[in-house]
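# Overview (structure and organization)
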Amino acid sequence: MPSPTALESDYAAAAELLANADALLIGAGAGMGVDSGLPAFRGNHGFWTAYPAYQGQSFADIACPETFSVDPQLAWGFYGHRLNLYRQAAPHAGFAILRRWAEAMPHGYFVMTSNVDGHFHRARFPPERIYECHGSLHHLQCHEGCPDTWPADAVQVDIDPHTFRARSALPRCSCGGLARPNLLMFCDGGWLDTRYRAQQRRYRDWLETVQDRRLVAIELGAGTAIATVRHTCEYAAWRLIRLNPQDTEPPAGGLLLPVGALAGLTRLDAMLNQHPVFQSGNR
Ligand SMILES: [Zn+2]
């Protein structure tokens, strides 16, 4: 951990970067959801803490298309529970802080998230500025191979609270086949990435427009196991601000605030509210 003085000076440097940024890339991983009360599934222990009924099975064992084939009640028990959880949890106050900063950027912003919880949509970020690199649990596709995806709004799965298995009828495609979430699972050759590709295209088009600008990326709770969000932020940013309590070393050319997303965003927001450049919009 950095000394309190070093941490203060890193906060000040991060606020200075944000105040002088032309454009903002928001990169979010599982740690972003923790402050909204969502589990992050860190390792088997983290997974079993969230889902004690799955003791002995790993996240990857359950979160794969094969489970939809061999034990659909288990697969939908897991994803149906998460869908209910994501609907019930409210995005924490850090989302609104980010949206306020983002809307003040002279050259706009983009959100890249590996979370499938739909919370940036819920926090009223415009859909055309969100890139969900692992898909979304709020959209479904056919498990039998039909080419369409559709919103999961009408889906209600009742879960047995002891076994975490689905005990109601399972979601179906219009062809009658089993439906599955339109997100990237482990060992997943069947993910329909139509939404993903459209989002990625919009992200890349925006990135082109800010090539010569001071693009600051703020990365929140992004993990190292599947480091897509980290790599994207590192690649795109003029300067990177990484918020992650699991990290000890700052990224190359960037800053590390080893704190949770909500705590870090709240502190930075208080500093920016005092900042003459950010306050006046005089950039
Ligand atoms: Zn179908």
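Report on the accompanying structure. As the structure is a prediction and not an experimental result, all values here were calculated from the model. (Residues numbered from 1 in each chain as written. Predicted model: local features only at pLDDT ≥ 70, side-chain atom pairs only at ≥ 80, totals over all residues. Heavy atoms only, no water.)

### Looking at the side chain of His-275
- By the secondary structure assignment, His-275 is in the loop between helix H11 (261-273) and helix H12 (276-280).
- Only 3.1 Å separates the side chain of His-275 from the backbone nitrogen of Val-277, close enough to count as a polar contact.
- Apart from residues lying up to four places away in sequence, His-275 is in contact with Glu-16 and Ala-19. (Helix = DSSP H or I, 4+ residues; strand = E, 2+ residues; numbered from the N terminus. Polar contact = N/O pair within 3.5 Å; in protein donor to acceptor, adjacent residues only side chain to side chain. Contact = heavy atoms within 4.5 Å.)

### Notes on the packing of helix H7 (residues 93-103) against H11
- Two elements in contact, H7 and H11, have axes separated by 9 Å at closest approach and are oriented at 40°. As far as their axial angle goes, H11 and H7 are oblique. Here H7 runs over H11; the crossing is left-handed. The segment H7 lies against H11, with Ala-93, Gly-94, Ile-97, Leu-98, Arg-100 and Trp-101 engaging Leu-262, Leu-265, Thr-266, Leu-268, Asp-269, Leu-272 and Asn-273. (Axes fitted to C-alpha atoms, helices over the stretch in contact; angles between N-to-C directions. Parallel < 35°, antiparallel > 145°, perpendicular 65-115°, else oblique. Left-handed = near helix turned anticlockwise from the far one by under 90°.)

### Side note on the coordination of the zinc ion
- Taken together, the protein ligands of the zinc ion are Cys-142 (SG), Cys-146 (SG), Cys-173 (SG) and Cys-175 (SG), with distances of 2.3 Å.
- Viewed at the metal, the 4 donor atoms of the zinc ion are separated by angles of 106 to 115°, and the geometry they form is tetrahedral.
- The motif formed by the donor residues of the zinc ion, counted along the single chain, is C-x3-C-x26-C-x1-C. Taken together, the positions of Cys-142 in strand S4 (residues 135-142) and Cys-175 in the loop between strand S5 (149-151) and strand S6 (179-183) put the pair 33 residues apart, joining distant regions of the chain. (Donors = N, O, S within 2.8 Å, 3.2 Å for Na, K, Ca; no water. Tetrahedral: all angles 85-135°; square planar, octahedral: opposite > 155°, others 65-115°.)

### Considerations on the environment of Asp-22
- Relative to the elements of secondary structure, Asp-22 occurs in the loop between helix H1 (4-19) and strand S1 (23-28).
- Residue class for Asp-22 comes out buried when judged on its relative accessible area of 12%.
- Spatially, the C-alpha atoms of Asp-22 and Pro-2 are 29 Å apart, while their sequence positions differ by 20 residues.
- Separated by 2.8 Å, the side chain of Asp-22 and the backbone nitrogen of Arg-214 make a polar contact. (Buried < 20%, exposed > 50% of the residue type's maximum accessible area, 1.4 Å probe, protein only.)

### What to know about the packing of H1 against H11
- Relative to each other, H1 and H11 sit at 65°, their axes nearing to 9 Å. Taken as axis vectors, H1 and H11 run roughly perpendicular relative to one another. Here H1 and H11 pass one another in a crossing that is right-handed. Residues Glu-8, Tyr-11, Ala-12, Ala-14, Ala-15, Leu-18 and Ala-19 of H1 pack against Ala-263, Gly-264, Arg-267, Leu-268, Met-271 and Leu-272 of H11.
- Looking at the contact of H1 with H11 residue by residue, the class counts come to 10 nonpolar, 1 polar and 2 charged. (Nonpolar A, V, L, I, M, F, W, Y, C, P; charged D, E, K, R; others polar.)

### Thoughts on the nonpolar core
- Counting residues in hydrophobic clusters, the biggest one holds 38 residues, and the most contacted among them are Leu-24, Ile-26, Leu-98, Trp-101, Phe-120 and Ile-218.
- Elements supplying a minimum of two residues to this core: H1, S1, H7, strand S2 (109-113), strand S7 (215-220), strand S8 (239-243), strand S9 (255-257) and H11.
- A per-element tally of this core places H1 first, with 7 residues.
- The residues touching Ile-26, leaving out its near neighbours within four places in the chain, are Leu-98, Ala-102, Phe-110, Val-111, Met-112, Phe-120, Phe-125, Ile-218 and Leu-220. (Core = buried A, V, L, I, M, F, W, Y, C linked by side-chain atoms within 4.5 Å.)

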